[in-house]
Amino acid sequence: MPKRAVISGITGQDGSYLAELLLKKGYEVHGLIRRASTFNTARVDHLYVDPHDPEAKLFLHYGDLSDGSRLVTLLASLRPDEVYNLAAQSHVRVSFDEPEHTADTTGMGTVRLLEAVRLAGIDTRFYQASSSEMFGATPPPQNEDTPFYPRSPYGAAKVYSYWITRNYREAYGMFAVNGILFNHESPRRGETFVTRKITRAVAAIKAGQQQDLYMGNLDAIRDWGYAAEYVEGMWRMLQADEPEDFVLATGGNYTVRDFLTIAFEHAGLNWEEHVKFDERYLRPTEVDALVGDASKAQEQLGWKATIHTPDLARLMVDADTEILKHSGRSWIDTVNLDSWND
Ligand code: NDP
Ligand code: GDR
């Protein structure tokens, strides 16, 4: 029998890479998708096979993290070996505009899914997508022992999810773990996160379709890694002998300004001629610096990031340049992932 996994957030950046990885490993993958008036499965369309086909291994089910009873009925019928909770309102700036919705999805959604595992009475390993945003104002380097000091409604909701996941592990003996992931990006990154916003703009400026790029705080320091590598780390956490929490990061230390410089230079452009300030991209409270120490994951899981921020910025510029050239063509990857998928 193939192993069976459920992924919430399968239509997002990480969900799509994780689905690819698990299918390559021979899993049967079930994704939770939200009912919307238009279909938004573009990131997983290339993986989809008609469910009537006996070869089909990917199945999508309607559900929402705000609907606890649906989560129970779904998990009780699927009885998965592994559940990956990647669904969230994941945009930090937006969480200041929609704090209550963010708490409901990014915070309460986790306890609804954990309760669904418990009420369905299934023996399931549970992964929670925790975030470096939980460290917030605590200075780097940050690791599994660093105190949390969230600086946004999003960060606060993720701290709740972190602790409720630990509580279910301790209270019910559940194999439930937190992956505390630092920023990870890719050509599939949502267009309003800073890296993708920059690389899309570089491609458009180079093509003569755009002149200016409006940005907020350029001094923020982040540790940007490559999403396709990070989903391998998630999977490894659920294969460990004991349930433990792990940081995944590259250890890199780059400002938004550094990312701009690398991305624009890669296209032969000077960012200072194009970037303008707009205060609406500032946050009421900012996270100044996140730089991760992933030595525990390296020692215990054998996981290490191989793609660092400068290469990531260049591969994203290349991908966005291609996407613009062949508009209509779907998601493009420029990196060979075989070493991570075996
Ligand atoms: P995305 O924003 O790309 O994807 C979020 C996913 O959650 C989408 O599939 C979205 O569905 C789904 N979703 C949102 N609200 C609900 C809901 N109420 N019910 C069901 N599904 C919902 O995020 P990423 O892929 O970048 O991140 C994955 C997870 O990891 C998130 O929890 C994020 O907070 C966390 N994280 C991300 C990091 C990063 O750098 N990328 C770092 C650390 C943590 P739809 O497509 O319908 O909107
Ligand atoms: P972040 O990612 O808040 O770290 O959360 P984002 O890319 O949105 O911001 C990174 C930094 O860039 C600064 N910035 C801007 N950000 C955006 N989006 N747009 C701008 O124009 C802009 N100008 C400057 C921000 O102020 C910030 O300092 C991401 C999300 O994926 C979370 O879900 C995840 O948990 C964390 O990473 C780790």
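Residues numbered from 1 in each chain as written. Chains lettered and ligands numbered in written order. Predicted model: local features only at pLDDT ≥ 70, side-chain atom pairs only at ≥ 80, totals over all residues.

Per an unreviewed UniProt entry, the protein goes by the name GDP-mannose 4,6-dehydratase and belongs to Arthrobacter zhaoxinii. Under the Cofactor (unreviewed entry) heading, UniProt states for the protein: "NADP(+)". (UniProt positions renumbered as here; feature names shortened; annotations may be inferred.)

Trainee: With reference to specific residues and values, describe the sheet that holds strand 2 (residues 28–33).
Mentor: Across the sheet, seven strands lie side by side as 3-2-1-4-5-6-11; this open sheet has parallel pairing. Each end of this open sheet is capped by a strand with a single partner; those strands are strand 3 (58–62) and strand 11 (246–248). Taken over all neighbouring pairs, the strand axes of this sheet differ in orientation by 20° on average, direction set aside. One ladder, built from six bridges, connects strand 5 (residues 125–131) with strand 6 (residues 176–181); its direction is parallel. Each residue of the ladder has a partner; that of phenylalanine 126, found in strand 6, is alanine 176. Docked against the sheet, helix 1 (residues 13–24) engages strand 1 (4–8), strand 2, strand 3 and strand 4 (82–85), running at close to 160° with respect to strand 2. Seen against the sheet, helix 4 (residues 99–120) touches strand 1, strand 4, strand 5 and strand 6 and runs at an angle of roughly 170° to strand 4. (Pairing = 2+ DSSP bridges. Helix = DSSP H or I, 4+ residues; strand = E, 2+ residues; numbered from the N terminus. Axes fitted to C-alpha atoms, helices over the stretch in contact; angles between N-to-C directions. Contact = placed C-beta atoms within 7 Å.)

Trainee: Requested: an account of helix 8 (residues 256–266), with residues and values cited.
Mentor: Along helix 8, the residues classified as buried are Val256, Phe259, Leu260, Ile262, Ala263 and Phe264. Buried-residue contacts for helix 8 involve helix 6 (194–206), strand 12 (254–255), strand 13 (275–277) and helix 10 (309–325). In the stretch just after helix 8, glycine 268 is the one whose phi turns positive, near 75°. (Buried ≥ 20, exposed ≤ 12 C-beta atoms within 10 Å, placed from the backbone.)

Trainee: Please set out the site of ligand 1 residue by residue, giving values where relevant.
Mentor: Of all residues adjacent to ligand 1, which total 26 residues, the nearest are Gly9, Gly12, Ala87, Ala88 and Ala129. Every element with two or more residues in the shell around ligand 1 is listed here: helix 1, helix 4 and strand 5. Ranked by residue count, the leading element in the shell around ligand 1 is helix 1, at three residues. Class assignment for the residues of the shell around ligand 1 results in seven nonpolar, 16 polar and three charged. (Near = placed C-beta within 6 Å. Nonpolar A, V, L, I, M, F, W, Y, C, P; charged D, E, K, R; others polar.)

Trainee: Which residues make up the site of ligand 2, and what values go with them?
Mentor: Near ligand 2 you find 21 residues, and of these Val92, Ser131, Val194, Gly216 and Ala220 are the closest. Those elements giving two or more residues to the shell around ligand 2 turn out to be helix 3 (92–97) and helix 6. Per-class residue counts for the shell around ligand 2 are eight nonpolar, seven polar and six charged.

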